[in-house]
Structure formats: structure tokens, C-alpha cells
Amino acid sequence: MKYETMTIDQMQRFVRQMDTSLPKLIEERERILAEIKGMQDRKEILSWDEIASAVAYPKAMSDKERVSNGFSDDNKLLGQLERINKISISQMEELCEELETVEMKVAQIRYVNRCIVRLLHDEREIIEAFTRKDITYERASRDLHMTRNTLYKLQKRALEMLIR
């Protein structure tokens, strides 16, 4: 899967938001899947075989039905079913596009996580403890026993490695 290249600032924001975004995306995916399942279940109320047999073998029209615009109840039902089917297909397409977008974002987060794991120990430690948790330079330098300047350089190098 190909993603657009991010700048260092964009990657830094992305890494900071990953931990909060992933659970929300997974929850959103479950909602979409439940909605798709619900649509599939609703379609099964009247099976397509029953619709096809009603269309293939319509009941004979009485003289009264022929006179009233020539539309029998079956033809009206067929027209309504066609409109419902078009709406249903449209809604399903929208849900599938939404699901694809969510899946792509989840895959992107997982890909960046795998990239973080493959970084050198110092770079990974900086990303995990400093960038992801969004702590200040002062606290990070105290916790990681590094100068502020060293932290900044390591963070920049680690983020550069992630955007390659």
C-alpha cells in the first residue's frame, strides 16, 4: 500500500495521535460492519427468489386493473422494490467506501508501529517515551538522562527514519 510522504511535523503529529486514534478507528469499523450486517439481514426479509418468482409469474390482471393505468399491484411492487434496491446499493457502496477509508487508516497506524519497532534502540525510546507520550523536553531530558539538544537531534533523526 502506497502512502503520501509526510513531513517531519506531520509524522510527529501522526505518532502523537496514533494511540488515541486506533481505538476510535476500530470502534468505527465495528459500527460500519454492524450496519452492513443489518442491511444484509433486512434484505433477507423478502428473499430475492420470492421477488423473482412474483415478477416471473405475475397474477392475471382483472379488467378493472387493466383500465386503471395498466399497472397491477405486482408491477407497482416491482417498481418499489427496484427503487429500494437502488437506495440499498447506494447505501452499501457508501458504507464500503467508509469502511475502506477506516481500514486504510488502521493499516497506516499499524505500519508506522512496525516501523517504530524496527528503529534503533535510542530512536525507538525517544519515539515511545517522548514523541508518543508528548512530554516536555525538560522532563524527557531528566527521564532519559540526555541533554535537550541531544533529545531534539535524536527525535528529528527518528522521525526522519519513519518518513523514509
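Up top you'll find the structure we're talking about.
Residues numbered from 1 in each chain as written. Predicted model: local features only at pLDDT ≥ 70, side-chain atom pairs only at ≥ 80, totals over all residues. Heavy atoms only, no water.

1. Regarding the overall build of the protein chain
- Within the protein chain, the secondary structure is distributed over seven helices and zero strands.
- The helix and strand sequence of the protein chain, counted from the amino end, reads α-α-α-α-α-α-α.
- Among the 164 residues that make up the protein chain, the fraction classed as buried is 27%.
- In the protein chain, once contacts between residues fewer than 6 apart in sequence are set aside, the share between residues at least 24 apart is 71%.
- In the structure as shown, the protein chain presents an accessible area of about 11,900 Å², 53% of it carried by carbon and sulfur atoms. (Helix = DSSP H or I, 4+ residues; strand = E, 2+ residues; numbered from the N terminus. Buried < 20%, exposed > 50% of the residue type's maximum accessible area, 1.4 Å probe, protein only. Contact = heavy atoms within 4.5 Å. Areas by Shrake-Rupley, 256 points an atom, 1.4 Å probe, with all protein chains shown as cover.)

2. Considering the pattern of salt bridges
- Applying the stated criterion across every chain yields a total of seven salt bridges.
- Note that Glu123 is salt-bridged to Arg157, the shortest N-O span being 2.8 Å. Of this pair, Glu123 sits in helix H5 (residues 121-131) while Arg157 sits in helix H7 (residues 148-163), placing them 34 residues apart in sequence.
- Residues participating in the shared-partner salt-bridge network are Glu28, Arg31, Glu35 and Glu98. (Salt bridge = Lys/Arg side-chain N within 4 Å of Asp/Glu carboxyl O.)

3. Overview of a negative patch on the surface
- Taken together, the side chains of Glu93, Glu94, Glu97 and Glu100 present a region of like negative charge at the surface.
- Structurally, Glu100 is set in helix H4 (residues 73-117). (Patch = residues over 30% accessible without salt bridge, like charges linked within 9 Å, V, L, I, M, F, W, Y side chains within 5 Å. Lys, Arg positive; Asp, Glu negative; His and termini not counted. Charge placed at Lys NZ, Arg CZ, Asp CG, Glu CD.)

4. Side note on the nonpolar core
- Ranked by internal contacts, the top residues of the largest apolar core, which has 22 residues, are Met11, Phe14, Val15, Val112, Ile116, Ile127 and Leu162.
- If you tally residues by element for this core, the top one is helix H1 (residues 8-43), at nine residues. (Core = buried A, V, L, I, M, F, W, Y, C linked by side-chain atoms within 4.5 Å.)

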